[in-house]
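Spelled out from the first residue to the last, the chains are:
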Amino acid sequence: MWRGYGRLSLRNSSIYMYIYILVEILKFQQQTFSKVEILFSFPLHSSSHQTLLSENMSRLLFSLTCALALLASSVASAAIVEHSFHVQNLTVRRLCSEQVITAVDGSLPGPTLHVREGDTLVVHVFNKSPYDLSIHWHGVFQLLSAWADGPNMVTQCPIRPGGTYTYKFKLLQQEGTLWWHAHASFLRATVYGALVIRPRSGHPYPFPKPNKEVLILLGEWWNANVVNVESQAAATGAPPNISNAFTINGLPGDLYNCSNKRMYKLKVQKGKTYLLRIINAAMDNQLFFKIANHNMTVVAVDAGYTAPYVTDVVVTGPGQTVDVLLAADQEVGSYFMAASPYASAARAGPSAPAPIFDKTTTRGIVVYEGAPASVTPIMPPMPAFNDTPTAHKFFTSLTGLLGGPHWVPVPCQIDEHMFVTAGLGLSICPTCLNGTRLAASMNNLSFVRPSSLSMLQAFFFNVSGIYTPDFPDTPPIKFDYTNPINALNLSLLFTQKSTSVKVLKYNATVEVVLQNTALLGVENHPIHLHGFNFHVLAQGFGNYDPVKDPKKFNLINPLIRNTINVPVGGWAVIRFIANNPGVWFIHCHLDTHLTLGLASAFVVENGPTPESTLPPPPIDLSQCSHVAVQNSDDDSIFFVVSI
């Protein structure tokens, strides 16, 4: 509830200014709060004031009516969309055997959520699974709703088995395809689904309206309990077992055993156009996606519009979304759609073993109406697994839709400069083979989640000891970052464990150079930032050159997204405005690397006004086992820690 108290003085026809203020308050309320209460008092201390009130009453009523009509119009274009997620075990059959998985509402993928920009989404999560759980709404800004962001122990303690939590947030200033997924352990492999944000009613797409919209969710499948896969890797210090298959909308396709009848089929009509909303929900693989004999036109990525880009191949990293227009303009027939891995990882050295990855291909079929059932579908030629030139061309050819809906110009005044290395290393592990284990880090700090309280609770209640505000702006040692010879330098290989964050002033503009390292091999890292989009100014190979490379910056129409593929053995530069208070995770979206510690967080301080200050947590916020958050009689909130 927001209460605005005002006193109307009707002298000098200033009533119009007050009506304007009222309208602005109503507009602001619609963006931020669920209720608004406005109380005005009229000072009638003289007969002249009473006469003036009488003369202006009709104008006042008319203006108030207009203001209320404006609010009603705004409300009509925004809705409260409510869902319930029941998370529990589900037995499914894939690849010749049955497997018990964790799923939402008994389906894989989980339910698709449809909203419009401006809507409020409310999702009640009932955890009936045997595992701790949280849900992340990937790419949602979470303006003043950081409590709903979802990463385990970052913005909330997990939802315990048998527990519930309600996520509530508004979808503001973004349109397109996002998605939701578990953000605790490897449960993301089966707990995921699409989040489609359409424009407000009456607002068209900034591209020709398609005849139909189609979801394409690219996933990854294990013939095993994925929680056990992660636990085994943690116990041994080795990489987790690779997946057994890739999937399209939960189905592996006919190239796998026992899967001839488990293949996604898209029926199309010649001459019509289809908007494919492609989501890479895979755990540890970037993917090439093609449709035989068809081009696609990219029109959006990560719920941000792009300048149209025509291509015959789409490349996506885990966590990324790509919206493409597919014209059914080929001869009537059947055409395979296929997804195969882009495996960019290179050997750490000449004598090092080759990286292991899932080398399989999933496919579905695009079938034209009227195509003979006996026709053999055409298979697209897929890029080689290590086709970095094709991947780099795709990523660097995309630009933002200058002046399009929700376009944000590039901020020019930079307050914070950061140079952040990202890559693999080692850590000491007495119980592991050879006494070491794989690790990953940013600026040589390997992230460790807290265990007693979430970082956001620590921020809000000013609790020390949960994280340290000392994440460095530069790596501790400057070296030849992408030279594989450094794999022999033990002083560079070992990382430090830390729960270290970078603290930012509200509204600060931040520029980050993300630099890949070659200490234990080079790889394309999809780095995801929670709570914000960023401008992708430039990317390239080798070591970033602070003198030459800024000349390559696109400051006019750069791509805007939330997950950036830092090129293999290269760098990328991003820029964003820290205009949302809270704790915001930044991490590699290859889940294997996340569990190894390739992560950190930004803590954005509160701004100077109520609308730039993080509200208190909801009463049902999940609690760690020995921490309780309570409401007192006066609605203030305090926490109790049991020792």
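Residues numbered from 1 in each chain as written. Predicted model: local features only at pLDDT ≥ 70, side-chain atom pairs only at ≥ 80, totals over all residues. Heavy atoms only, no water.

Further remarks concern the overall build of the protein. A count of helices and strands for the protein gives 7 helices and 36 strands. Considering the protein as a whole, with its 643 residues, one finds that 57% of them fall into the buried category. Within the protein, contacts between residues at least 6 apart in sequence are counted, and of these 78% link residues at least 24 apart. Of the roughly 26600 Å² of accessible surface on the protein, 55% is carried by carbon and sulfur atoms. (Helix = DSSP H or I, 4+ residues; strand = E, 2+ residues; numbered from the N terminus. Buried < 20%, exposed > 50% of the residue type's maximum accessible area, 1.4 Å probe, protein only. Contact = heavy atoms within 4.5 Å. Areas by Shrake-Rupley, 256 points an atom, 1.4 Å probe, with all protein chains shown as cover.)

Here we come to the confidence of the model for the protein. Mean pLDDT for the protein: 87, with 84% of residues reaching 70 or above. When the criterion is pLDDT under 50, residues 1–75 qualifies, and its contacts beyond four places in sequence or with other chains add up to 77 contacts. Long-range and interchain partners of residues 627–643, a stretch whose pLDDT sits below 50, account for 31 contacts in this model, where long-range means more than four residues apart. (pLDDT = per-residue confidence, 0-100.)

For helix α3 (residues 226–236), the complete set of buried residues consists of V226, V227, V229, E230 and A233. End-on view of α3: buried residues confined to an arc of 160 degrees, all on one side of the axis. Of the residues flanking the start of α3, the one acting as N-cap is N225, its side-chain oxygen 2.8 Å from the backbone nitrogen of V227. Note on α3: the residue one or two positions beyond its end, G237, has a positive phi of about 80 degrees. (Arc of directions from axis to C-beta. Polar contact = N/O pair within 3.5 Å; in protein donor to acceptor, adjacent residues only side chain to side chain.)

On inspection of all chains with the given rule, the structure shows 3 disulfides. Each disulfide pairs two cysteine sulfurs, and for C157 the partner residue is C624, the sulfurs being separated by 2.1 Å. The disulfide joining C157 to C624 has a torsion of about -90 degrees about its S-S bond and is therefore left-handed. With C157 in the loop between β7 (135–138) and β8 (164–170) and C624 in the loop between β34 (599–604) and β35 (627–631), the pair connects residues that are 467 residues apart, well separated along the chain. Pair check on accessibility: C157 and C624 agree, each one buried. Take the cysteines of the protein that form disulfides and number them in order along the sequence; they join up as 1-3, 2-6, 4-5. (Disulfide = S-S within 2.5 Å.)

Attention shifts here to the sheet that holds strand β9 (residues 176–182). Pairing is mixed across the open sheet formed by 4 strands, whose spatial order is β5-β10-β9-β7. Unpaired on one side and paired on the other, β5 (113–116) and β7 mark the two borders of the sheet. Across the sheet, the mean angle from the axis of one strand to that of its neighbour is 20 degrees, orientation sign disregarded. In terms of strand pairing, β7 meets β9 through 4 bridges, oriented antiparallel. By the bridge assignment, H138 is partnered in β9 with W179. (Pairing = 2+ DSSP bridges. Axes fitted to C-alpha atoms, helices over the stretch in contact; angles between N-to-C directions.)

Further remarks concern the packing of aromatic side chains. Summed over the entire model, instances satisfying the criterion amount to 22 aromatic pairs. Members of the aromatic cluster, joined through ring pairs, are F85, W137, Y165, Y167, F169 and W180. One residue, R94, lies across the ring of W221, its end atom 6.0 Å from the ring centre. In this arrangement the basic side chain of R363 is found over the ring face of F336, its NZ or CZ atom lying 3.7 Å from the centre. (Phe/Tyr/Trp six-rings, centres within 6.5 Å; stacked < 30°, edge-to-face > 60°. Lys NZ or Arg CZ within 6 Å of the ring centre and 35° of its normal.)

This brings us to the environment of P475. Relative to the helices and strands, P475 resides in the loop between α5 (455–461) and α6 (490–493). Note on P475: relative accessible area 12%, which makes it buried. In sequence terms P475 and L445 are 30 residues apart; their C-alpha atoms lie 9.0 Å from each other. Discounting residues that sit within four places of it in the chain, P475 has contacts with F419, T421, N443 and Y481.

Below, the discussion takes up the pattern of salt bridges. Two side chains of opposite charge can pair, provided their charged atoms sit close to one another. Under the definition given, this model contains 14 salt bridges. The salt bridge partner of R277 is D323, with a shortest N-O separation of 3.5 Å. Of the two residues, R277 sits in strand β14 (residues 273–280) while D323 sits in strand β19 (residues 321–327), which places them 46 residues apart along the sequence. With respect to burial, R277 and D323 carry one shared label: buried. Between K502 and E416 there is a salt bridge; the shortest N-O distance is 3.2 Å. Within this pair, whereas K502 is found in strand β26 (residues 501–504), its partner E416 is found in strand β22 (residues 416–428), the two being separated by 86 residues in sequence. The pair K502 / E416 is uniform in exposure class, with both members buried. When salt bridges with common partners are traced through the structure, they connect R198, E213, R277 and D323 into a single cluster. (Salt bridge = Lys/Arg side-chain N within 4 Å of Asp/Glu carboxyl O.)

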